Structures are given as C-alpha cells and as structure tokens.
Amino acid sequence: MTMRTLVPFDATDPKTRLDALFSPAERRELAAVMLADVLDAVHAAGGEPLVVATEDVACDAPVAVDERGLSDAVNARLDPGTAVVMADLALATPRVLRSLFAASGDVVLAPGLGGGTNALVVRDDGFAVDYHGASYRDHLRNAAAAGCSVREFDAARLALDVDERADLADVLSRGEGRTPRWLRDAGVALADGAGRTNVTRRE
Ligand SMILES: Nc1nc2c(ncn2[C@@H]2O[C@H](COP(=O)(O)OP(=O)(O)OP(=O)(O)O)[C@@H](O)[C@H]2O)c(=O)[nH]1
Ligand SMILES: C[C@H](OP(=O)(O)O)C(=O)O
C-alpha cells in the first residue's frame, strides 16, 4: 500500500533559527541534506513523496512550487489518504514512517518536541492544517471540531525536528543518514558528557 506523502520544504531561507551557527548558504545546504534523508525514508516506507516547496529544488521526488504560506500550500493538496512529513525530521526511519502510515484514525498526529506537528496522516476532508505556534494543540482542536477520530502518534524518531542548535545534539548522537555526516564535515560536534547544551563548531 503506497501513501501519498507531502513534504513541505522552505527552499528560500530555511533554518533561520540556526543563523548563529551557519551562513545562509550553509543553512540551505543543511536543509537540502535533511530533505534527502527524509525522502529516502519516505520512499523506503512505501510513501509516494511530493515536495511542496517555495522554490524549485533538485531532489529525489516530484516538486510542486507553491509560494503561498505553509498551511495554505499543504491544505490545497490535503486529499483524504495523504500524509505530511516535514523535511527536517533528521531522525525519521522507514520503520517509524511505515508505522505512522499504518496507524488508524481519521487524523493521525505526530507531535514535535516544541509543540509543533512534525508529521500527520489525514483520511477525512473535514480536517485542515494550521501550522506554526503551538500547532499540535490547534490540530487536536481542529480534528475534534470536524468530528474526526484522532490517533496521537508519539514517536521519538518523529518528535525531533531540527530547529535549534540543541536539536543537532540528537542528530549527532542518533542520526543515521547524510545529515550527521554533513554536520561532522562542517565541524559540528557534541562535547563529551554535555547533553544537548554543548553543540560546538570548530572555527
Ligand atoms: N512549502 C513551504 N514549506 C515551508 C514553509 N515554511 C516552512 N516550511 C517547511 O515546513 C517544515 C517546518 O518548518 P520550519 O521548522 O519552520 O522550517 P524553517 O522555516 O526552515 O525553519 P525556521 O526558518 O527556523 O523557522 C520544514 O520542512 C520547512 O522546510 C513555507 O512557507 N512553504
Ligand atoms: C511548521 C511548524 O514547525 P515549527 O515552527 O514548530 O518547527 C509546526 O510544526 O507547526
């Protein structure tokens, strides 16, 4: 069973919350590397990805360029039986995505650590996304208002999206794809015994 999977991608000025660590060009490179890892996992999980991007981007999937905001661009394509997987889920594996796609419910929501919604599956055309801010809480409310059954899909490997410097610690310690290699090649490291607070980058 294949799952049509939207992968939203900010190709224009991605990962601005990492601007203290990386130049704009490096942030675009990192975003593209994470996108490649996510697309590999989506393909291996039986997903059929469509990248919904602010600008055209070279990647292993069809690309729909849509300059509208994130929620509008996704809602325009959210036919029942569609998944949405964010492009910065650097720990996502085929196994966890197969489980997400197989989870039952009119709306399946995978929370992000910061209160966002990192991935979802929609099977009811009464549901719409409303990203940014504490979107997970908003999505629970939207689903209830639409009379949708909801499955909360709590998975560590989907809960980590790369937004802040500290998120890189999890990618360095648990990542398996191109992204941890890119970070190490860029001189990013995790000081021993320091937890998520001491991600360093050699000059
Ligand atoms: N198509 C589209 N995707 C977006 C847009 N904004 C963010 N995204 C994607 O949605 C996902 C989550 O967004 P964010 O975590 O805010 O990503 P970001 O905008 O690169 O990060 P920040 O600049 O730090 O906010 C990522 O996969 C982004 O690439 C947008 O306006 N349009
Ligand atoms: C898109 C947004 O991501 P965040 O800004 O929370 O990383 C959200 O999950 O609602």
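Structure first, text after, so check above.
Residues numbered from 1 in each chain as written. Chains lettered and ligands numbered in written order. Predicted model: local features only at pLDDT ≥ 70, side-chain atom pairs only at ≥ 80, totals over all residues. Heavy atoms only, no water.

Asker: Report on the overall build of the chain, specifying residues and quantitative values.
Answerer: Helix and strand counts for the chain stand at seven helices and nine strands. Relative to the globule expectation of 17 Å for 203 residues, the C-alpha radius of gyration of the chain, 16 Å, shows essentially globular dimensions. Each of the three principal axes of the chain carries a C-alpha extent, and together these read 55 × 35 × 30 Å. In the chain, buried positions account for 50% of the 203 residues. (Helix = DSSP H or I, 4+ residues; strand = E, 2+ residues; numbered from the N terminus. Rg over C-alpha atoms; globule rule 2.2 N^0.38 Å. Buried < 20%, exposed > 50% of the residue type's maximum accessible area, 1.4 Å probe, protein only.)

Asker: I'd like a rundown of the environment of M3, residues and numbers included.
Answerer: Mapped onto the secondary structure, M3 falls in strand β1 (residues 3-9). The buried category is assigned to M3, whose relative accessible area is 4%. The spacing of M3 and L190 is 187 residues in sequence and 36 Å in space, taken between C-alpha atoms. Residue contacts for M3: discarding those within four places in its chain leaves G46, G47, E48, G81, T82, A83, F101, V121 and R123. (Contact = heavy atoms within 4.5 Å.)

Asker: Explain the sheet that holds strand β7 (residues 150-152) to me, and be specific about the residues and the numbers.
Answerer: Taken together, seven strands build an open sheet; the order of strands is β3-β2-β1-β4-β6-β5-β7 and the sheet is mixed. The sheet terminates laterally at β3 (63-65) and β7, the two strands that pair on one side only. Ignoring strand direction, the axes of neighbouring strands in this sheet form an average angle of 20°. Where strand β5 (residues 107-111) meets strand β6 (residues 117-122), five bridges bridge the pair, whose relative direction is antiparallel. From the neighbouring strand, P111 faces β6, where its bridge partner is T117. Taken strand by strand, helix α1 (residues 24-44) contacts β1, β2 (47-53) and β4 (82-85), and its axis lies near 155° from that of β2. (Pairing = 2+ DSSP bridges. Axes fitted to C-alpha atoms, helices over the stretch in contact; angles between N-to-C directions.)

Asker: I'd love a proper account of the site of ligand 1, names of residues and values included.
Answerer: Around ligand 1 sit 15 residues, and of these D10, K15, T16, R17 and V52 come closest. One of the side-chain N or O atoms of D163 is found 3.1 Å from an oxygen atom in ligand 1. Of the residues that constitute the shell around ligand 1, the class distribution is seven nonpolar, three polar and five charged. (Near = heavy atom within 4 Å. Polar contact = N/O pair within 3.5 Å; in protein donor to acceptor, adjacent residues only side chain to side chain. Nonpolar A, V, L, I, M, F, W, Y, C, P; charged D, E, K, R; others polar.)

Asker: Which residues make up the side chain of T179, and what values do they have?
Answerer: By the element assignment, T179 lies in helix α7 (residues 178-185). Ignoring anything within four residues of it in the chain, the contact list for T179 reads L30, V33, M34, D37, A90 and V171.

Asker: Can you tell me about helix α4 (residues 135-145), naming the residues and giving the values?
Answerer: Among all positions in α4, only S135, Y136, D138, H139 and A143 are buried. Relative to the axis of α4, the buried residues are bounded by an arc of 155° and lie together on one face. Facing away from the buried side of α4 by more than 90 degrees, the exposed set consists of R137, R141, A144 and A145. Its buried side turned inward, α4 meets β5, β6 and β7. (Arc of directions from axis to C-beta.)

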